[in-house]
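One letter stands for each residue in the lines below.
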Amino acid sequence: MDIFDLQWIGFVITFLATLFLIGEVLVNMRGFFGLLGIGFITVYFAAYVGSSSFILMLIIYFVGLLLIIIDGKLLNDGTLATIGLASMLTSVALAADNLTSGLYAVLGVLVGTSASFFFLKVFKRREMWTKLALKDQLTKEAGYNSMNMEYEQLVGKEGITLNDLRPVGTVKINKKDYSAVSDGQWIPKNSKVKVTQVDGTKILVEKIS
């Protein structure tokens, strides 16, 4: 029996492919993870689709990955990243020869994406999603003395979101509107939030449950 006849093998291949490809986006591995990921996803599509669809499925998958990279480099709001992930899921699902195999492949992409974030705990991260993670620390110690005293005094204050924070949006605090960012969470409109940190004029808030 061919190993590719096993329905769960698609999960293993798409998991490893996505793990290393997203891992390469998140951490600086000098292309090593990228090569591994390309190798695994090429094997997957080569095993499950005909030569006429092989290039098309690869394009759909890598367009999705490209959208994730663009989101991380330029937008930082998660919109393109979500579309990109959906594109990757679509490509592996369409390549599968039956529903069960397709579900395994989709699960492999989802689990691989989630697992890739563990690389951040081990390897040096790339300079991406800095706004999303509020990594630009504009502190007095770093020489940024222009911090607005008004913003400093907002720490600990409570307010309400005027739109969805995805994760950037607008909040009202003390009857005044401010641009704010959540700690990677999507916070719905009209949610109560609390200011936990201020860096320069960047306001980090969290939802009050």
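All values derive from a computational prediction rather than experimental measurement.

1. What to know about the overall build of the protein
For step 1, the next point in the chain: Counting secondary structure elements, the protein contains seven helices and five strands.
For step 2, the next point in the chain: Ordered by position from N to C terminus, the α and β elements of the protein give α-α-α-α-α-α-α-β-β-β-β-β.
For step 3, the next point in the chain: Within the protein, the fraction of its 209 residues that count as buried is 40%.
For step 4, the next point in the chain: Taking contacts inside the protein between residues at least 6 apart in sequence as the whole, the part at least 24 apart equals 57%.
For step 5, the next point in the chain: Roughly 11500 Å² of accessible area belongs to the protein as shown, and the carbon and sulfur atoms make up 61% of that amount.

2. A few points about the sheet that holds strand S4 (residues 192-199)
For step 1, the next point in the chain: With respect to topology, five strands assemble into a closed barrel ordered S1-S2-S3-S5-S4, the strand pairing being mixed. Strand-to-strand twist across the sheet, computed as the mean angle between neighbouring axes with direction ignored, equals 55°.
For step 2, the next point in the chain: Bridge count for strand S3 (residues 176-182) against strand S5 (residues 202-207) is two bridges, and the pairing is parallel. If you follow Ser182 over to S5, its bridge partner there is Val205.

3. Quick look at the pairing of S4
For step 1, the next point in the chain: Where strand S1 (residues 158-161) lies against S4, three bridges are found, and the strand directions are antiparallel. Within S4, the residue paired with Gly159 across the bridge is Val193.
For step 2, the next point in the chain: Bridge count for S4 against S5 is six bridges, and the pairing is antiparallel. Bridge assignment links Val195 to a residue of S5, and that residue is Val205.
For step 3, the next point in the chain: Between the end of S4 and the start of S5, which pair antiparallel, lie two residues, with Gly200 showing a positive phi angle near 65°.

4. Overview of the packing of aromatic side chains
For step 1, the next point in the chain: As enumerated under the stated definition, the model contains 13 aromatic pairs in all.
For step 2, the next point in the chain: Between Phe20 and Phe33, the ring centres sit 5.2 Å apart and the planes meet at 55°, which makes this aromatic pair tilted. Residue Phe20 is found in helix H1 (residues 9-26), and its partner Phe33 is found in helix H2 (residues 32-48); the two are separated by 13 residues along the sequence.
For step 3, the next point in the chain: A residue is classified by how much of its surface remains accessible, and Phe20, at 15% relative accessible area, is buried.
For step 4, the next point in the chain: A relative accessible area of 6% places Phe33 in the buried class.
For step 5, the next point in the chain: Where Tyr151 meets Tyr178, the ring centres are 5.5 Å apart and the plane angle is 85°; that geometry is what we call edge-to-face.

5. Examining helix H4 (residues 79-95)
For step 1, the next point in the chain: Helix length check: H4 (17 residues) gives 25 Å between terminal C-alpha atoms against 24 Å at 1.5 Å per residue, within 8%.
For step 2, the next point in the chain: Every buried residue of H4 is listed here: Ala81, Gly84, Ser87, Met88, Leu89, Ser91, Val92 and Ala95.

Analysis parameters
- Residues numbered from 1 in each chain as written.
- Predicted model: local features only at pLDDT ≥ 70, side-chain atom pairs only at ≥ 80, totals over all residues.
- Heavy atoms only, no water.
- Helix = DSSP H or I, 4+ residues; strand = E, 2+ residues; numbered from the N terminus.
- Buried < 20%, exposed > 50% of the residue type's maximum accessible area, 1.4 Å probe, protein only.
- Contact = heavy atoms within 4.5 Å.
- Areas by Shrake-Rupley, 256 points an atom, 1.4 Å probe, with all protein chains shown as cover.
- Pairing = 2+ DSSP bridges.
- Axes fitted to C-alpha atoms, helices over the stretch in contact; angles between N-to-C directions.
- Phe/Tyr/Trp six-rings, centres within 6.5 Å; stacked < 30°, edge-to-face > 60°.
- Expected span 1.5 Å × (residues − 1).

The values are spatial; any link to function lies outside them.
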